[in-house]
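Here are the chains, one letter per residue:
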Amino acid sequence: MEASVQEKYDYIVIGGGVVGAMIARWLSRYEGRLLLIEKEADIGMGCSSANTAIVHAGYDPLPGSLKALMNVRANPMWDQLAGELNFPFERRGDYVVAIGEEELPLVEKLLQQGIQNGVPGMMMIDAGEMRSRERDINPDVSGALWATTGGICDPFQVTVAAAENAVINGATVLLNTKFEDFIWEGNRVIGVKTNRGDFYARWVINSAGIYSDAVMHKAGVRPEFIIKPRKGEYFIFDRAEVQIHNVLFPVPSSRGKGILVTGTLHENTIVGPNGNVIDDKEDTSMTKEGMDELLDGAKKLIPSLNLRHSIANFVGLRPMGNGPCYTPGINYNNDYVIEVPSSVQGFVNLGGIESPGLTSAPAIAEMVVDLMKDAGEEFVAKKDWDPIRPGRPRYAHMTHQERKLLCDMDPRYARVICRCENVTEGEIVAEIHAPVPAHTYDAIKRRTWLGTGRCQAGFDMTRVVAILARELGVSPFEITKRGQGSEYLYRTTKDVEVANVN
Amino acid sequence: MEERNYICTACPMGCKLIVRMEGDEVVKILGNRCRKGETFGRQEAIAPQRMLASTVRVPNGFHPLLPVYTKGSIPKRKILEVLEKIRDVEVMAPIKAEDVIIANVIGTGVDVIASRDMPAKN
Amino acid sequence: MLIKKQYDVVVIGSGPGGLAAAIDAKKSGADDILVIERDVELGGILLQCIHNGFGLQTFKEDLPGPEYAQRYINEARTLGITFLMDTMVMDVTSQRRLYLSSRDFGYLEVDAHAIVLAMGCRERTRAQVRLPGYRPNGVFTAGTAQRWVNVEGYMPGNKFVILGSGDIGMIMARRLTFEGAHVERVLEIQSYLSGLSRNYVQCLEDWGIPLQLNHTIKKIMGKNRVEAIEAVAVDEKWNFIPGTEEVIPCDTLLLSVGLIPENELSKKAGVALDPVTGGPFVDEHFQTSVPGIFAAGNVVHVYDLVDYVSMAGSEAGRSAAEFALAEKARAARYIPLVPGKNVRYIVPHKLDKKALEKGDISLQMRVTRPIEEDVWLEVRGDENSIVRRSERYVRPGEMVTIVLKPKMAAEVEKTGKLTVDIYPKSEA
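Residues numbered from 1 in each chain as written. Chains lettered and ligands numbered in written order. Predicted model: local features only at pLDDT ≥ 70, side-chain atom pairs only at ≥ 80, totals over all residues. Heavy atoms only, no water.

1. Structural notes on the overall build of chain C
Inference 1: Helix and strand content of chain C: nine helices and 28 strands.
Inference 2: Compactness check: chain C gives a C-alpha radius of gyration of 31 Å against a globular reference of 22 Å for 428 residues, more than 25% above the reference.
Inference 3: Charge centroids of chain C, computed over 51 positive and 56 negative side chains, lie 6 Å from each other. (Helix = DSSP H or I, 4+ residues; strand = E, 2+ residues; numbered from the N terminus. Rg over C-alpha atoms; globule rule 2.2 N^0.38 Å. Lys, Arg positive; Asp, Glu negative; His and termini not counted. Charge placed at Lys NZ, Arg CZ, Asp CG, Glu CD.)

Spelled out as structure tokens, the structure:
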């Protein structure tokens, strides 16, 4: 994984979120040296690690916006993508639920908007039908929009799988590598300066998520463009106590799609997000007000929800930009920016890729390649490009017979480390040595779902730290939760003299 | 006459004791529900005693630390000194529960003993 | 070591409840007892509870946790109980079949005449008390920290705040102090101590660690690692009282906010749970709603003293043994009916030997091929023929019946199985 300074690449992607990983995967089809840099200790740690995990049908974005175009173009790509990259994905469909008669026209309007966007497979269902599909729904339900093409996925695994597929096809992923500035030759970008040295390339792609504004400003592009984080807080519920299988949206408001109640592929129900616009791009703190807001919002759909059964919360920031609408003449100022700016050569600029960014990622990757072609890049397809990223065994989801075979092959799979989610030592070790390796506790957690259950890592934490230290050949003091500064251990119990106690 | 209040730690009941003192002499103990409480109250008023549990290093042990405890209570004011002593000790596995790890620790007349068997690392 | 397919009693968990159950099941006459432990050694959480205060009832001694466990482990080892360590029970059915995932033995299926659930409890986590703020490293349950400090030999911090005045929290406050760390504060949202008073005296008061009742945490600060917490006073409804906020710098926050019985396996087995305790509904023998499945210790409800956990374990073990022996005796009354020469199948498949004393039992069967000559229909025991009669012919399309009579009961009693042969007299 270590790259020496001053290496030469053809393409550099800044940012290892789902969009950056998907762009890397698309570029890995073509000849050329490809590098993805990520400032954090793992890929997918920003917006891609904390969202609602929904593959949207496409009725929500404003007709004529790039958001709508990308969403509707990307949605049908997901089945093939899930098959090739081996991540969990299900087309469960989703519902926008009207509570009370006064909300019904709003939902019907959404149906019309979906039709305008070109979304297939939508229909209105009546209150009785909605009640029969979700028995815990608010009894005041008056009807719902049912979008059959809506889906849910595991966004961490999508990001990891896309990046790994790029690595399998020759790409390099550098973690803990922070973009600092561009290297120029006239008005042409020829590389990037990072905390780990300079890297040269013919093309640099800005996929820096919440910091994409800072990156494009360094390129002198769109000085007026700014990202305002929209903060989404969430609760996760214990699957043993709360079972909501459906994806349930309330009617949208000016602040976004509203607070959802939705099942996940891990069968835990999640509630969220609220969507307060904040200034601090690092503020992922949970607030008391946010918790109250979530509960009120969720109870509008499922009145019986009880916070006692929540097992965790998380916060995600959406990179809301102020890009003008893709279609000229429409008054809309939060659209995606996806462009090859005319003022700079060798630079692809992305910004404001908020929801439905996860859904749109494959279409965005395709559009980036097309824009580069339009700008004169002559791509040569690799003859041996492998579209497949092999999946890895997940013990918890196997049958008794499959487990028996796996344990006979490798006894490390028989050793359960996370007892709530049934994650084994074999799975942990496999992730530590994967094509995009997991070197922190959270990286393993995101890939295996370990430590996310009822005991919230109480049992597995000490064991995972020991396994990481053993596999990486380092001291347990070097093991972190999510990168430097988040170490677990300070000293041995008996070495009081090294204690920094005042 | 002076009255002192203690919570008895002789068992989990946690009786609230009132110890009446005449100078350095205990004259009456109230609030205890058993004789252990009386003994505790008297001791607590004059020279408090505690049991102590900690760990010592076992470099070749199945675990790196062996839990140990004082076989009997020691003066409370000596605890930090005993802890210092325990911290300096290193033992080798295998160990059996109740093996003496430090005999008559700092002259208290009380042994520090092993709390469990500790096999050697395999 | 060989793991059998069938045990009289299987005990899940080797903490105080499980060990006592196994020991008393054995003493009550159950032969084959299997104890399954997910950790690499026996004893459960007692092994990390190195403080004293255990065994005052059982042994009339003030013992530390590991020694209390050691005494039960030693006894269990002398009784010839089978222990399976580093093994997780993945599934249990109401028919008492267990699926095990074992580091040394792979994936196993084991049947039990009786099961004792002794999985103990788990700690309540940050999410269940809903602490606002960031989610940095350095927020641990007291039990997780206890394992690091006492067993694995690492300190997960130097400057601690403890939320909750549960016993493990107070005991950890003293333990950390003994190992050179600073415990800045213990905060308790209730107006009273949630653990034992003796632990307040010995663990906090003795060492000058301040306890603040009616206080909780308003915010956790620090993005990667805890840097401070903001404490706040609360009113009787647990609302924050504005103006009482105080920032306490620290690198670690320990949570001692309660324990919950661990019943995920119980649910898989179809055991009904009491929503109040979080544990199974049990009768006075600690039998759950599923016959033959018993539960003992903190898996039923959270105890304050280990001695009572052991007592409950003993009772559950005795009851499980009784159930297992009755089940075994019932099973032993049955013998299989085995299709022999030219017989495709027999109904019934097995026979209760005692039932023959009460009246005729007819065996219905079909042959594998037509035999168009005189045949013998013969029922054999292990050593001798029990009944034989003849037919002019047999054909697969026509069912054959043989009747066993009460007078044959004595012969049937002696045998382990009954075999039915149908063959031409010419071959006899």
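2. Brief notes about the nonpolar core
Inference 1: Among the nonpolar cores identified, the biggest contains 54 residues, and Leu27, Ile338 and Leu350 of chain A are the most heavily contacted of them.
Inference 2: One finds Tyr488 of chain A together with Ala173, Val186 and Cys203 of chain C within the second-largest nonpolar core, a separate group that totals 42 residues. (Core = buried A, V, L, I, M, F, W, Y, C linked by side-chain atoms within 4.5 Å. Buried < 20%, exposed > 50% of the residue type's maximum accessible area, 1.4 Å probe, protein only.)

3. Regarding helix 6 (residues 197–204) of chain C
Inference 1: By the criterion of burial, helix 6 of chain C is predominantly enclosed, with six of the eight residues buried.
Inference 2: Against the buried residues of helix 6 of chain C lie strand 1 (2–7) and strand 4 (49–50) of chain B together with strand 3 (52–54), helix 5 (167–178), strand 13 (182–187) and strand 14 (211–212) of chain C. (Contact = heavy atoms within 4.5 Å.)

4. Details of the sheet that holds strand 23 (residues 350–352) of chain C
Residue and element names in this part refer to chain C.
Inference 1: Ordered by their spatial adjacency, five strands build an open sheet running 23-21-28-25-26, and the pairing between neighbours is mixed. The open sheet is flanked by strand 23 and strand 26 (385–391), the only strands paired with a single partner. For this sheet, the mean inter-axis angle between neighbouring strands, taken without regard to orientation, is 20°.
Inference 2: Inspection of the sheet shows strand 21 (residues 334–339) paired to strand 23 by three bridges, in the antiparallel sense. Its bridge partner lying in strand 23, isoleucine 335 is registered against leucine 351. (Pairing = 2+ DSSP bridges. Axes fitted to C-alpha atoms, helices over the stretch in contact; angles between N-to-C directions.)

5. Here we look at the sheet that holds strand 10 (residues 172–174) of chain A
All names here are of chain A.
Inference 1: Pairing is mixed in the open sheet, where six strands are placed in the order 10-3-2-14-22-21. The open sheet terminates on both sides in strands that have one partner only, identified here as strand 10 and strand 21 (337–339). Strand after strand, the sheet turns through a mean of 15° between neighbouring axes, direction not considered.
Inference 2: Bridge analysis of strand 2 (residues 11–14) against strand 3 (residues 34–37) gives four bridges, and the strand direction is parallel. Paired with isoleucine 12 across the bridge in strand 3 is leucine 35.
Inference 3: Strand contacts of helix 1 (residues 18–27): strand 2, strand 3, strand 14 (203–206) and strand 22 (347–351), with the helix running at about 175° to strand 3, the strand carrying the most contacts.

6. Describing the interface of chain A and chain C
Inference 1: Taken together, the contacts link 63 residues of chain A with 54 residues of chain C.
Inference 2: On the chain A side of the interface with chain C, the three residues burying the most area are Arg419, Tyr490 and Thr493 of chain A, jointly 13% of the side's total.
Inference 3: Taken together, the links from chain A to chain C amount to six salt bridges.
Inference 4: The shortest N-O distance in the salt bridge between lysine 223 of chain C and glutamate 282 of chain A comes to 2.7 Å.
Inference 5: Inspection of the chain A/chain C interface yields 28 residue pairs in polar contact (both at pLDDT 80 or more).
Inference 6: Of all the secondary structure elements, the ones that give two or more residues to the side of chain A that touches chain C are helix 8 (288–301), strand 20 (310–320), helix 10 (400–409), helix 13 (461–472) and strand 25 (491–492) of chain A.
Inference 7: Residue contributions to the side of chain A that touches chain C peak at six residues, all from strand 20 of chain A.
Inference 8: By residue class, the composition of the side of chain A that touches chain C is 27 nonpolar, 17 polar and 19 charged.
Inference 9: Inspection of the sheet shows strand 25 of chain A paired to strand 11 (residues 154–155) of chain C by two bridges, in the antiparallel sense. Directly across from arginine 491 of chain A, in strand 11 of chain C, lies its bridge partner methionine 155 of chain C. (Buried area = accessible area lost by both parts, 1.4 Å probe. Salt bridge = Lys/Arg side-chain N within 4 Å of Asp/Glu carboxyl O. Polar contact = N/O pair within 3.5 Å; in protein donor to acceptor, adjacent residues only side chain to side chain. Nonpolar A, V, L, I, M, F, W, Y, C, P; charged D, E, K, R; others polar.)

7. Details of the domain arrangement of chain C
Residues and elements named next belong to chain C.
Inference 1: By domain assignment, chain C separates into domain 1 (6–122 + 260–331), domain 2 (125–257) and domain 3 (335–427).
Inference 2: Taking the mean C-alpha position of each, domain 1 and domain 2 sit 32 Å from one another.
Inference 3: Domain 1 puts ten residues into the contact, and the matching count from domain 2 is ten residues.
Inference 4: When domain 1 packs against domain 2, close to 870 Å² is buried across both sides, 46% of that on carbon and sulfur atoms.
Inference 5: A per-residue breakdown of the area domain 1 buries against domain 2 is headed by Gln48, Ile50 and His51, which together make up 57% of the total.
Inference 6: Where domain 1 meets domain 2, there are one salt bridge. (Domains from an automatic or database assignment.)

8. Looking at the packing of aromatic side chains
Residues and elements named next belong to chain A.
Inference 1: Scanning the entire structure with this criterion turns up 22 aromatic pairs over all chains.
Inference 2: Taking 4.5 Å as the distance between ring centres and 40° as the angle between the ring planes, the aromatic pair formed by tyrosine 30 and phenylalanine 379 counts as tilted. With a gap of 349 residues between them, tyrosine 30 in the loop between helix 1 and strand 3 and phenylalanine 379 in the loop between helix 9 (357–374) and helix 10 connect regions that are remote in the sequence. Assigned by exposure class, tyrosine 30 and phenylalanine 379 land together as buried.
Inference 3: Among the aromatic residues, those joined into a ring-pair cluster are Phe179, Phe182, Trp184 and Phe347.
Inference 4: When the ring centre of tyrosine 200 is taken as origin, the NZ or CZ atom of lysine 8, which lies over that ring, is 4.9 Å away. (Phe/Tyr/Trp six-rings, centres within 6.5 Å; stacked < 30°, edge-to-face > 60°. Lys NZ or Arg CZ within 6 Å of the ring centre and 35° of its normal.)

9. Quick word on the interface of chain A and chain B
Inference 1: With four residues of chain A at the contact, the number on the chain B side is six residues.
Inference 2: On the surface where chain A and chain B come into contact, there are one salt bridge.
Inference 3: A salt bridge links aspartate 495 of chain A to arginine 57 of chain B; the nearest nitrogen and oxygen atoms lie 3.7 Å apart.
Inference 4: Across the chain A-chain B interface, the total number found is two residue pairs in polar contact (both at pLDDT 80 or more).
Inference 5: Here the residues of the side of chain A that touches chain B are counted per class, giving one nonpolar, one polar and two charged.

10. Describing the pattern of salt bridges
Inference 1: Applying the stated criterion across every chain, the model contains 79 salt bridges over all chains.
Inference 2: The salt bridge involving glutamate 413 of chain C is made with lysine 354 of chain C; its shortest N-O contact spans 3.9 Å. With glutamate 413 of chain C in helix 9 (residues 409–413) and lysine 354 of chain C in the loop between strand 23 and strand 24 (361–367), the pair connects residues that are 59 residues apart, well separated along the chain.
Inference 3: Each of Asp42, Glu164, Arg389, Arg392, Arg394, Glu427, Glu431, Arg446 and Arg447 of chain A takes part in salt bridges that share partners, so that together they form one network.

11. Some remarks on the packing of helix 2 (residues 66–74) of chain A against helix 9 of chain A
All names here are of chain A.
Inference 1: Axis separation between helix 2 and helix 9 bottoms out at 7 Å; the angle between their running directions is 100°. Here helix 2 lies roughly perpendicular to helix 9, going by the angle between them. Residue-level inspection shows Leu66, Lys67, Met70, Asn71, Arg73 and Ala74 of helix 2 in contact with helix 9, the latter providing Thr359, Ser360, Pro362, Ala363, Ile364, Glu366 and Met367.
Inference 2: Broken down by class, the residue content of the contact of helix 2 with helix 9 amounts to seven nonpolar, three polar and three charged. (Parallel < 35°, antiparallel > 145°, perpendicular 65-115°, else oblique.)

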